[in-house]
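Chain by chain, the residues:
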Amino acid sequence: MAVRIIIERKIEKGKEVDVAKLLLELRSRAIKQKGYITGETLRDYKDPSTHIVISTWESVEDWKSWSDEEERMELQSKIEELLTEPSETKIYE
């Protein structure tokens, strides 16, 4: 069963371009992962500092495998440094 992963991030003012570059790099690597189907990034209309990434994976196991990859964790760490609070990740099936 396909699952959707929703990650919400609150970006520090002035760091939006830096985060966007990191998210593009993260997605370009995710596309190559087993089970990745699609993804998109959206910005809150009323609060442009809030971004969500929605990705679709073939299974929770595929997502978790990618989530635990060292290369993803390194990029995620760089993203976290540019946020006002930790990312929040939710899994929906």
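The preceding data block contains the structure.
Residues numbered from 1 in each chain as written. Predicted model: local features only at pLDDT ≥ 70, side-chain atom pairs only at ≥ 80, totals over all residues. Heavy atoms only, no water.

A.B. asks: Would you explain the pattern of salt bridges in this entry?
C.D. replies: A side chain with one charge may pair with a side chain of the opposite charge, provided their charged atoms come close. The tally for this structure, following the rule as stated, stands at five salt bridges. The residue glutamate 25 makes a salt bridge to arginine 29 at a minimum N-O spacing of 2.7 Å. One end of the pair, glutamate 25, and the other, arginine 29, are both in helix α1 (residues 16-30), four residues apart, so they sit about a helical turn from each other. Classification of glutamate 25 by relative accessible area gives partly exposed; the value is 32%. Glutamate 71 is paired through a salt bridge with arginine 29; the nearest N and O atoms lie 3.4 Å apart. With glutamate 71 in helix α3 (residues 70-80) and arginine 29 in helix α1, the pair connects residues that are 42 residues apart, well separated along the chain. What emerges from the salt-bridge pattern is a single network uniting Glu25, Arg29 and Glu71. (Salt bridge = Lys/Arg side-chain N within 4 Å of Asp/Glu carboxyl O. Helix = DSSP H or I, 4+ residues; strand = E, 2+ residues; numbered from the N terminus. Buried < 20%, exposed > 50% of the residue type's maximum accessible area, 1.4 Å probe, protein only.)

A.B. asks: Can you help me understand the pairing of strand β3 (residues 50-57) in this one?
C.D. replies: Regular strands have side chains that alternate between both faces of the sheet. Across the eight residues of β3, seven count as buried, placing the element largely inside the fold. Across eight bridges, the pairing between strand β1 (residues 3-10) and β3 is antiparallel. Residue valine 3 lies in a different strand from β3, and its bridge partner there is tryptophan 57. With seven bridges connecting them, strand β2 (residues 36-43) and β3 associate as antiparallel partners. Within the sheet, the bridge partner assigned to glycine 39 lies in β3 and is serine 55. Between β2 and the antiparallel strand that follows it, β3, lie six residues. (Pairing = 2+ DSSP bridges.)

A.B. asks: I keep staring at α1 and nothing clicks. Help me out?
C.D. replies: An α-helix turns once every 3.6 residues. As a result, residues three or four positions apart point the same way. When the terminal C-alpha atoms of α1 are compared, their 21 Å separation across 15 residues agrees well with the 21 Å that a helix rising 1.5 Å per residue should span. Those residues of α1 not exposed but buried are Val19, Leu22, Leu23, Leu26 and Ala30. Considered in projection along α1, the buried side chains sweep an arc of 105° and stay on one side of the axis. Facing away from the buried side of α1 by more than 90 degrees, the exposed set consists of Val17, Lys21 and Leu24. (Expected span 1.5 Å × (residues − 1). Arc of directions from axis to C-beta.)

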